[in-house]
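Coordinate analysis (summary)
One letter stands for each residue in the lines below.
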Amino acid sequence: MAWFSFLDPVLNFSLGWMLSFSPFMSILLLSVALSLFITLVYKYTTNQSLMKDLKDELKAFQQQMKELKHNPSAMMDVNKKAMETNLKYMTHSFKPMLFTFLPIILVFGWLNAHFAFEPIHPGQEFTMNIAFDKTVVGEISVLAPDGLELTGDATKTVTDGNAIFTLKGAAEGIYPVGFSFNNQSYTKEIRISEARSYIDPLMVVNDGSIKSITTLHEKTKVIKIGSFGITWLWSYIIFSLVFS
C-alpha cells in the first residue's frame, strides 16, 4: 500500500480521528461507513428493477435445473440460458465496482498502515531481525543512533540465517538504525510513538547477502477471544457481512 503513501496527509486528515478509538471501535465504524457507501453506490449506479428481474430469472433457472436433473440434455439447455443471464447480471454489477474499488483500496492501505501492528512505545524493548541467504556466514554489527539504546550485544554471529538485535528508545521519534556486514552498510528506520503509528516493519534487501531487515511488532488483535485474536482485515470482513 506504499503506492498511495503520497495520499497519507489526506487520508490522515479524513480518517485520523478514528485513531482515538480502540481498534475494535475504529474497524467497526469504518465497516459501517464502507458498507453504507457500497450499498448507496450500488443502489444509484444500477437499474434496481432490472437487477431484480435478472435475479428472479436465475432463481427460476436454478429451480428448473433441479427438476431436470434426470434429463441431462434439457438441463444443459437451461444451464446455458442461466449462464447468459448471470453474465448480464455480472456486467451490470461491474459498474458500481468502478466507483468503489479505488476508495476501498485507499482505505485498506490506511488501515494496514495503522492497525496491522502495535506501535513501539517509548521505553519498550523491541527486536530487529536480519535474515540472510542460507549460505551466508559471518558477523554483523548494529549502530544505534542517538536516542536508542542497545539492550544486547552490538555484534552478532549469523546463526541459521538470522541475526537478532534488541533495542529501546526513551522518546518518540523516527530513528535510523544502521547495520554493517561485509563492508556494506544498511539502514532501517523505526518509529517510536505513543500514537497508533509505525513504519513498515519489513525492508526487503535481497543483495545476495541479506534478504531482509524486519522490525518485529506484535500484531494488532481487533477482536479478542481469550488468547485468540482476529486481525483488522478479518474483523472488517466479519463486520461487513453483518452490516451488509
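The structure under discussion appears in the preceding block.
So, a few notes on the structure that sits alongside this text. These numbers come from a predicted model, not from an experiment.

1. Brief notes about the packing of aromatic side chains
Scanning the model with the defined rule gives eight aromatic pairs in all. Consider the rings of W17 and F21, whose centres lie 6.0 Å apart with planes at 85 degrees: the pair is edge-to-face. On the basis of relative accessibility, which here comes to 47%, the residue W17 falls in the partly exposed class. Classification of F21 by relative accessible area gives partly exposed; the value is 36%. Seen in terms of ring centroids, F165 and F179 are 5.8 Å apart; in terms of plane orientation they differ by 50 degrees. Their pairing is tilted. With F165 in strand β5 (residues 162–169) and F179 in strand β6 (residues 173–181), the pair connects residues that are 14 residues apart, well separated along the chain. The exposure class assigned to F165 is buried, which follows from its relative accessible area of 0%. Judged by its relative accessible area of 3%, F179 falls in the buried class. Through a chain of ring-to-ring contacts, three or more aromatic side chains come together here, namely F108, W232 and Y236.

2. Re the side chain of S212
Relative to the helices and strands, S212 is located in strand β9 (residues 210–216). Setting aside chain neighbours within four positions, we find S212 in contact with N129, I130, A131, L202, M203, V204 and V205.

3. Some details on the sheet that holds strand β1 (residues 125–132)
The strand order β3-β5-β1-β9-β8 describes an open sheet built from five strands, whose pairing is antiparallel. Edge positions in the sheet fall to β3 (148–150) and β8 (202–204), since each of these pairs with one other strand and no more. Each neighbouring strand pair of the sheet contributes to a mean axis angle of 25 degrees, computed without reference to strand direction. Sheet topology places β1 next to β9; six bridges connect them, and they run antiparallel. Among the inter-strand pairings, N129 is bridged to a residue of β9, identified as T214.

4. Structural notes on the packing of helix α4 (residues 72–115) against helix α5 (residues 232–243)
Running from N to C, α4 and α5 cross one another at 130 degrees; their axes reach a closest spacing of 10 Å. It follows that α4 is oblique to α5 by the angle criterion. Residue-level contacts link F108, L111, N112 and F115 of α4 to W232, L233 and Y236 of α5. Grouping the constituent residues of the contact of α4 with α5 by class yields six nonpolar, one polar and no charged.

5. Quick look at the pairing of strand β7 (residues 184–192)
Across nine bridges, β6 lies against β7 in antiparallel orientation. From the neighbouring strand, G178 faces β7, where its bridge partner is T187. Two successive antiparallel strands, β6 and β7, enclose a turn made up of two residues, where N182 displays a positive phi of approximately 50 degrees.

6. Re unusual backbone geometry
Positive phi, normally seen in glycine, also occurs at N183, with a value near 65 degrees. Relative to the elements of secondary structure, N183 occurs in the loop between β6 and β7. Judged by relative accessible area, which is 80%, N183 ranks as exposed. The phi dihedral of N206 is positive, around 50 degrees, even though this residue is not glycine. Relative to the helices and strands, N206 resides in the loop between β8 and β9. By relative accessible area, which is 52% here, N206 ends up exposed.

7. Overview of the pattern of salt bridges
This structure, assessed with the given rule, holds two salt bridges. D56 is the salt-bridge partner of K52, the closest N and O atoms lying 3.2 Å from each other. In this pair, K52 and D56 both sit in helix α3 (residues 48–67), four residues apart, roughly one turn of the helix. The exposure class assigned to D56 is partly exposed, which follows from its relative accessible area of 35%. Between R196 and E118 there is a salt bridge whose closest N-O contact spans 3.2 Å. In this pair, R196 sits in the loop between β7 and β8 while E118 sits in the loop between α4 and β1, placing the two residues 78 residues apart along the sequence. Since its relative accessible area comes to 13%, R196 is described here as buried.

8. Considering the sheet that holds β7
Pairing is antiparallel across the open sheet formed by four strands, whose spatial order is β4-β2-β6-β7. Because the sheet does not close on itself, it has two edges, and the strands there are β4 (155–157) and β7. Between one strand axis and the next, the sheet turns through 25 degrees on average, direction left out of account.

Conventions adopted
Residues numbered from 1 in each chain as written. Predicted model: local features only at pLDDT ≥ 70, side-chain atom pairs only at ≥ 80, totals over all residues. Heavy atoms only, no water. Phe/Tyr/Trp six-rings, centres within 6.5 Å; stacked < 30°, edge-to-face > 60°. Buried < 20%, exposed > 50% of the residue type's maximum accessible area, 1.4 Å probe, protein only. Helix = DSSP H or I, 4+ residues; strand = E, 2+ residues; numbered from the N terminus. Contact = heavy atoms within 4.5 Å. Pairing = 2+ DSSP bridges. Axes fitted to C-alpha atoms, helices over the stretch in contact; angles between N-to-C directions. Parallel < 35°, antiparallel > 145°, perpendicular 65-115°, else oblique. Nonpolar A, V, L, I, M, F, W, Y, C, P; charged D, E, K, R; others polar. Salt bridge = Lys/Arg side-chain N within 4 Å of Asp/Glu carboxyl O.

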